[in-house]
Amino acid sequence: MSTGASADLICVYPGQVDEFWPYAEPFLKRATEKCGNWSIDEIRRELGSGALLWIVWNGTELKAACVTRLAEIKGEKVCQVLVCGGSDEDWRTRFEEIEDYARNEKCVKAQIQGRKGWARIFSDYELAWITLERRLDS
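Anyway, here's the lowdown on the structure attached to this text. (Residues numbered from 1 in each chain as written. Predicted model: local features only at pLDDT ≥ 70, side-chain atom pairs only at ≥ 80, totals over all residues. Heavy atoms only, no water.)

**Quick notes on the nonpolar core**
Spelled out, the test is: As used here, the term nonpolar core means buried Ala, Val, Leu, Ile, Met, Phe, Trp, Tyr and Cys residues forming a set that is joined through side-chain atoms within 4.5 Å. Exposure is judged per residue with a 1.4 Å probe applied to protein chains only, and the accessible area is read against the type maximum: over 50% gives exposed, under 20% gives buried, and values in between give partly exposed. Put simply, DSSP marks the helices as runs of H or I at least four residues long and the strands as runs of E at least two long, and each gets a number from the N terminus on. The contact criterion used throughout is that any non-hydrogen atoms of two residues lie within 4.5 Å.
Of all hydrophobic cores here, the largest spans 19 residues; its most connected members are L28, I43, L47, L53 and V67. Top contributing element to this core by residue count: helix α1 (residues 17-34), with six residues. With sequence-adjacent residues up to four places away left out, L47 is seen in contact with V17, W21, L52, L53 and V67. Ranked by size, the runner-up nonpolar core spans 18 residues in total, among them L52, W54, W91 and F95.

Okay, here's the thing in structure tokens:
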């Protein structure tokens, strides 16, 4: 972190999501407004349906938040990152913990969808597809 303070990635126990949501929501809302197929309300519903909330905590303040879910795609178990937002300069290291979680859950893949800039951070991920979008109402 730029402040020199170390931070930890913490998976929030599902029964405590309501307690942490007011602090994580602003990070996630900004991320959903920038890109992706999710609204903040849909993300919140996913957290009530088995998705997990991860937070980056430096001991003093919440620095970032992320939401993952497990899915079966074409017969394979996949850990999907639905949204991720906040200020953290070490996302690649943080995701190693999420990847470890995914392996423990017998996932064969981890997927991240987001802005093109994520490809620089996750250079060891393969670019499987992109999402192109065009407005038809203007």
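So, next bit.
**A short note on the sheet that holds strand β1 (residues 8-11)**
Note the cut-off: In short, DSSP must find at least two bridges between two strands for them to pair. Inter-axis angles, ranging from 0 to 180 degrees, are taken between N-to-C directions of lines fitted to C-alpha atoms, where helices are fitted over the stretch in contact.
Pairing is mixed across the open sheet formed by five strands, whose spatial order is β1-β2-β3-β4-β5. Either end of the sheet is taken by a strand with one partner, and the two such strands are β1 and β5 (109-112). The sheet shows a mean angle of 25 degrees between the axes of neighbouring strands, direction not considered. Across four bridges, β1 lies against strand β2 (residues 52-57) in antiparallel orientation. Note that in β2 the partner of C11 across the bridge is W54. Running over the sheet, helix α3 (residues 91-104) touches β1, β2, β3 (62-73), β4 (76-86) and β5 and is turned about 150 degrees from β4.

**Some thoughts on unusual backbone geometry**
Phi angles above zero are rare outside glycine, and K74 is one such case at about 50 degrees. For K74, the location among the structural elements is in the loop between β3 and β4. Taking the relative accessible area as the measure of exposure, K74 reaches 82% and is therefore exposed. Backbone geometry at K106 places phi at a positive 70 degrees, although glycine is not the residue there. Mapped onto the elements of the fold, K106 is located in the loop between α3 and β5. Classification of K106 by relative accessible area gives exposed; the value is 63%.

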